[in-house]
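An overview of the molecular structure
Take a look at the letters that make up each chain.
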Amino acid sequence: MLLHTANITRETQPKGESRGLFMLSDVRDALPALIKKYAGSVQCVYIDPPFATGRSFDMRVAVHPEEWKSGTGSLTARAYDDPADIAGLTKLLRETITGARELLRDDGLMFLHVDWRMSGRARMLMDEIFGEDNLLNEIIWAYQTGGRATHYFSRKHDTIFMYRKTKDYYFDAQAVSVPREGVRANHMKRGTDADGRPYSEIRSAGRLYRYYDDEPVLPGDVWTDLNMQQKDPQRTGFETQKPLKLLERIILCSTQPGDIVCDLMSGSGTTADAACANGRQFIAVDMSPMALFSLRRRLPETLFDAVTPVCAAPDIEAHFAQEGLGDLLVTFSGFRGVTEGEEAGTDRLDGWAAGYISNGVFVPAAQSQRSFRSPDISLSLKIPFIDAPVCIRVNDIYGNTAFYSAEGT
Ligand SMILES: C[S@@+](CC[C@H](N)C(=O)[O-])C[C@H]1O[C@@H](n2cnc3c(N)ncnc32)[C@H](O)[C@@H]1O
């Protein structure tokens, strides 16, 4: 059977199976299509843009099973460039925030995550686009990672601006309450009641206030409890990855199960991961192929729709065999025509799917994907015979996605 590259740019899961949508695109190109379909439908938008650091950021990729075991990566791929171009970033943010506001439901919330370089401009942009009365919080996310400065105080926090779209917004502080045990209360008297429950208490203006350790407390706007250590198992190798718990707090306070959460610069896919883990749907956009690579490794079992540009596709080898009466067994055996020095065989394969083309869209029927936890991948996929052209999606360790259609199936 002959395989040739297919000009397919969209993968759609069969009805009801999709948990989200990823678009590999500059956000400015993605927004018109998103607005057309999702205007007024998104409950929460989170954006963690580049910070104008003047640096490039990489992603470490485990390619061989030993690297999975050791937690290191053998390949370093460029994730994205972050030029120190404040004017360019301000323009990009203006367009992105304007589009994000259109996507939001009237009761939705938007979170913009920046650091000291952009926080002033970001606040002004948000005030201009959302209205200054709609600023609800300037959240300080403080962390301990990174070195210590000697010529000024170490910069150990980011700022997350939280804006509502309208006065009728949804916000559930109870959903993100934290155990009181972790909250410091040095100024209070400690005690234990008759039932053995420890508490802290304080007398103020003639009244006694008692707070039990086992009662949850609502977080304030300074978040110091959401760190991610250097060797944290949740690390994907994507340099500017944020902690899952940070996104969970944002998603849980602003959405309910089934709602749509949108991240327009999704990076390693933390927002999508947190959304799926909590029964929300996601829309994720990023222009870096490594963002799609990371999302697929992060959510190997999660079926989502994807929009990807047509890329220069390497030749692949795959075999087809009839299996029983009604199935087709597709076996992937490797890439062909790899450039000198590159891995051949299946090392470059990160995941793949076999399915059909329906109205110019790829609909997978079976898929296999390596994950951050495991290098395992199945090289044979069984799909049912149906009266439609067979198609294979291949995604490699550089974040490329290519589609191949099979003639004569
Ligand atoms: C700071 S990272 C996001 C990290 C993410 N929050 C995480 O937890 O992994 C910023 C992301 O913005 C993306 N980006 C920058 N400019 C973009 C643009 N114009 N359109 C889409 N994505 C863009 C970069 O590729 C990068 O992945």
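Predicted, not measured: the structure shown is a model, and the values here were computed from it.

**Focus: the site of the ligand**
- Val27, Asp48, Ser268, Thr270 and Asp286 are the nearest of the 21 residues found near the ligand.
- At 2.6 Å from an oxygen atom of the ligand is found a side-chain nitrogen or oxygen belonging to serine 268.
- The backbone of methionine 287 places a nitrogen or oxygen atom 3.3 Å from a nitrogen atom of the ligand.
- Expressed as a share of its isolated accessible area of 610 Å², the protein-covered part of the ligand is 97%.
- A per-class count over the shell around the ligand returns eight nonpolar, eight polar and five charged.

**Observations concerning the pairing of strand S17 (residues 281–286)**
- Of all six residues that make up S17, five are buried, and the element is covered over most of its length.
- Where strand S3 (residues 20–24) meets S17, five bridges bridge the pair, whose relative direction is parallel. Within the sheet, the bridge partner assigned to glycine 20 lies in S17 and is phenylalanine 282.
- Where strand S16 (residues 260–263) lies against S17, four bridges are found, and the strand directions are parallel. If you follow aspartate 263 over to S17, its bridge partner there is alanine 284.
- Read as a crossover between parallel neighbours, the route from S16 over helix H6 (residues 270–277) to S17 is right-handed.

**Observations regarding the environment of arginine 190**
- The residue arginine 190 is located in strand S11 (residues 189–192) in this model.
- The spatial distance from the C-alpha of arginine 190 to the C-alpha of tyrosine 211 is 9.7 Å, given a sequence separation of 21 residues.
- Excluding residues within four positions of it along the chain, arginine 190 makes contact with Pro198, Tyr199, Ser200 and Asp213.
- In terms of polar contacts, arginine 190 uses its side chain to reach the backbone carbonyl oxygen of tyrosine 199, at 3.4 Å.
- Looking at arginine 190, its side chain comes within polar contact range of the side chain of serine 200, at 2.8 Å.

**Quick notes on the nonpolar core**
- Membership of the largest hydrophobic core comes to 37 residues, with the highest contact counts inside it found for Leu34, Val45, Ile97, Leu103, Met110, Leu112 and Leu264.
- When residues no more than four places from it in sequence are discounted, the contact partners of leucine 34 are Leu21, Met23, Ala39, Leu103, Leu264, Ile283 and Val285.
- Membership of the second largest hydrophobic core comes to 32 residues, among which are Leu109, Phe111, Met162 and Leu299.

**So, the domain arrangement of the protein**
- Per the domain assignment, the segments making up the protein are domain 1 (19–177 + 220–302), domain 2 (178–217) and domain 3 (315–407).
- Here the C-alpha centre of domain 3 lies 59 Å away from the C-alpha centre of domain 2.

The rules behind the values
Residues numbered from 1 in each chain as written. Predicted model: local features only at pLDDT ≥ 70, side-chain atom pairs only at ≥ 80, totals over all residues. Heavy atoms only, no water. Near = heavy atom within 4 Å. Polar contact = N/O pair within 3.5 Å; in protein donor to acceptor, adjacent residues only side chain to side chain. Areas by Shrake-Rupley, 256 points an atom, 1.4 Å probe, with all protein chains shown as cover. Nonpolar A, V, L, I, M, F, W, Y, C, P; charged D, E, K, R; others polar. Buried < 20%, exposed > 50% of the residue type's maximum accessible area, 1.4 Å probe, protein only. Helix = DSSP H or I, 4+ residues; strand = E, 2+ residues; numbered from the N terminus. Pairing = 2+ DSSP bridges. Right-handed = clockwise from strand over helix to strand, strands pointing away. Contact = heavy atoms within 4.5 Å. Core = buried A, V, L, I, M, F, W, Y, C linked by side-chain atoms within 4.5 Å. Domains from an automatic or database assignment.

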